[in-house]
Amino acid sequence: MEDGAFEDSDCRRVLSIQSHVVHGYVGNKSATFPLQVLGFDVDPINSVQFCNHTEYGVCQGQVLDSDDLEVLYSGLKKNGIANYSHLLTGYIGSKSFLMAVKDIILDLKKTNPKLVYVCDPVMGDNGHLYVPEDLLSVYKEHIVPNADVVIPNQFEAELLTDVKITDMDSARVAMKKLHDMGAKLVVISSSDLGSDETLIGLASSSIGAKPVFLRIDIPRFPIELTGTGDLFAATLLAWTHRHPDDLKLAIEKVVATMQHVLRRTLSYTEQISKAGKPITAADKELRLIQSRKDIENPKLCVTAVDL
């Protein structure tokens, strides 16, 4: 079996609850294709459905409420098809919807005690919230304590733990608090502890007899892209499932995937710029389909260091 291939099995089924866009790649649109390429069946529930993401001039669509979510999930239950190996959650914009997600988490874990819940607590970045403040208490009290894997960025980790991350020691303290809240694996997908050229990602696992703490230096790209966090969360789910006893390799594959997709996307925008055309939001959509082979079997290009 190739290194990037998955064994044939019916046991890899993901319920993914996050945003959706008709055009482009964020939320479920950024997560579903990579998971399918990596051998997972994916049932997406869209917390919102917009024509495109918010970087476009116009962004409009529909927002699911908690009643809508309960209708969809109860239908799956009634048909006997709410059986999953993994739950993945991303952007959720209301407290009532997030509380309904909490009920789904508990029900799924009752049905399958081995279910792995991967939580990307999408709340904000760079010091700015883009969800209502009352979601924070729900994440702290109900969501993170029931999550197996938590993937905050630095700002979200600080919000969840009330720890200001200024160096590696304070990052360890924050990640330890997330473990104490219930998460077995904590990954800070990006932090400001690096340089203008490098982001620093951190991973901490309390699984097994020996805790693992990893640092990975990630080359920055001179372009702001959307959907990257959703892609990171999806591939982390996949590769930690594939390599449950080798977090270092799993993280290296996740970051390698990101690097290949981002590099291909940047190259595409550079071609447009060289042609003398302005780069639009549509031009900066992730080149996911074109990166299928890199998603399926990423060539390692970064090294995680065990601290």
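The residue count restarts for each chain, going from 1 along the sequence in the order it is written. Restriction of local features to residues with pLDDT of at least 70 applies here, the model being predicted, together with a cutoff of 80 or more for giving and counting side-chain atom pairs; totals for whole chains, interfaces and linings are based on all residues. Remark: hydrogens and water are excluded; side-chain values derive from all non-hydrogen atoms of the structure.

A.B. asks: Which parts of the structure should I look at to understand the overall build of the protein chain?
C.D. replies: For the protein chain, the helix and strand inventory stands at nine helices and twelve strands. The C-alpha radius of gyration of the protein chain comes to 18 Å, within 12% of the 19 Å expected for a compact globule of 307 residues. With the C-alpha coordinates of the protein chain rotated into their principal frame, the extents come out at 55 × 45 × 45 Å. Burial statistics for the protein chain: of 307 residues in total, 50% are counted as buried. Only runs of H or I of at least four residues qualify as helices and only runs of E of at least two qualify as strands under DSSP, and these elements are numbered from the N terminus. Only C-alpha atoms enter the radius of gyration; for comparison, a globular chain is expected to reach 2.2 Å times N to the power 0.38, where N is the number of residues. The rule is simple: take the accessible area with a 1.4 Å probe, protein chains only, and divide by the maximum for that residue type; under 20% is buried, over 50% is exposed, in between is partly exposed.

A.B. asks: Could you clarify how one ought to interpret the packing of aromatic side chains in this entry?
C.D. replies: Two aromatic rings are characterised by how far apart their centres lie and by the angle between their planes. Whether two aromatic rings pair depends on their centres lying within 6.5 Å, for rings of Phe, Tyr and Trp, where Trp uses its six-membered ring; planes under 30 degrees apart make the pair stacked, over 60 edge-to-face, and the rest tilted. For the coordinates displayed, the defined rule picks out zero aromatic pairs. Sitting over the ring of Tyr25, Lys29 keeps its end group 5.4 Å from the ring centre. Over the ring of Phe213 we find Arg172, and its NZ or CZ is 4.1 Å from the ring centre. Whether a charge lies above a ring is judged from NZ of Lys or CZ of Arg, which has to be within 6 Å of the ring centre and within 35 degrees of the ring normal.

A.B. asks: Even after reading the chapter, I still don't get the packing of helix H3 (residues 95-111) against helix H4 (residues 135-143), so can you show me in this structure?
C.D. replies: Geometry of a packed helix pair, given as the angle between the helix axes and the separation of the axes. To obtain an axis, a line is fitted to C-alpha atoms, over the contacting stretch when the element is a helix, and the angle between two such axes runs from 0 to 180 degrees between their N-to-C directions. One way to put it is that H3 packs onto H4 with a least axis distance of 10 Å and a crossing angle of 10 degrees. With respect to each other, H3 and H4 are oriented roughly parallel. Mapping the contact onto sequence places Lys95, Leu98, Met99, Lys102 and Ile105 in H3 and Leu135, Val138, Tyr139, His142 and Ile143 in H4. Classification used: nonpolar for Ala, Val, Leu, Ile, Met, Phe, Trp, Tyr, Cys and Pro, charged for Asp, Glu, Lys and Arg, polar for all others including Gly. Considered class by class, the residues forming the contact of H3 with H4 number seven nonpolar, one polar and two charged. Our angle categories are set so that under 35 degrees counts as roughly parallel, over 145 as roughly antiparallel, 65 to 115 as roughly perpendicular, and the remainder as oblique. What makes two residues a contact is simply this: any of their non-hydrogen atoms within 4.5 Å.

A.B. asks: I would appreciate a short explanation of a negative patch on the surface in the present structure.
C.D. replies: Patches in this entry comprise residues that are over 30% relatively accessible and not in a salt bridge; like charges within 9 Å are linked, as are nonpolar side chains (Val, Leu, Ile, Met, Phe, Trp, Tyr) within 5 Å. Per-residue and other accessible areas were derived by the Shrake-Rupley procedure at a 1.4 Å probe size, with only the shown protein chains allowed to occlude residues. What makes a salt bridge here is a side-chain nitrogen of Lys or Arg within 4 Å of a carboxyl oxygen of Asp or Glu, nothing more. Charged residues are defined narrowly, with Lys and Arg counted positive, Asp and Glu counted negative, and His plus the chain ends left uncounted. Positions of charges follow a simple convention, taking NZ of Lys, CZ of Arg, CG of Asp or CD of Glu. A cluster of acidic residues, Glu55, Asp125, Asp192 and Glu224, forms a negative patch at the surface. Mapped onto the fold, Asp192 is located in the loop between strand E9 (185-188) and strand E10 (198-205).

A.B. asks: Can you help me understand H4 in this one?
C.D. replies: The α-helix winds at 3.6 residues per turn, so residues separated by three or four positions along the chain end up facing the same way. Taken together, the buried positions of H4 are occupied by Leu135, Val138, Tyr139 and Ile143. For H4, the arc enclosing every buried residue in end-on projection is 100 degrees, short of the 170-degree limit, so these residues lie on one face. Each element contacted by the buried residues of H4 is listed here: H3, strand E5 (116-119) and helix H5 (154-161). Of all possible arcs, the one meant is that of the directions from the helix axis to the C-beta atoms.

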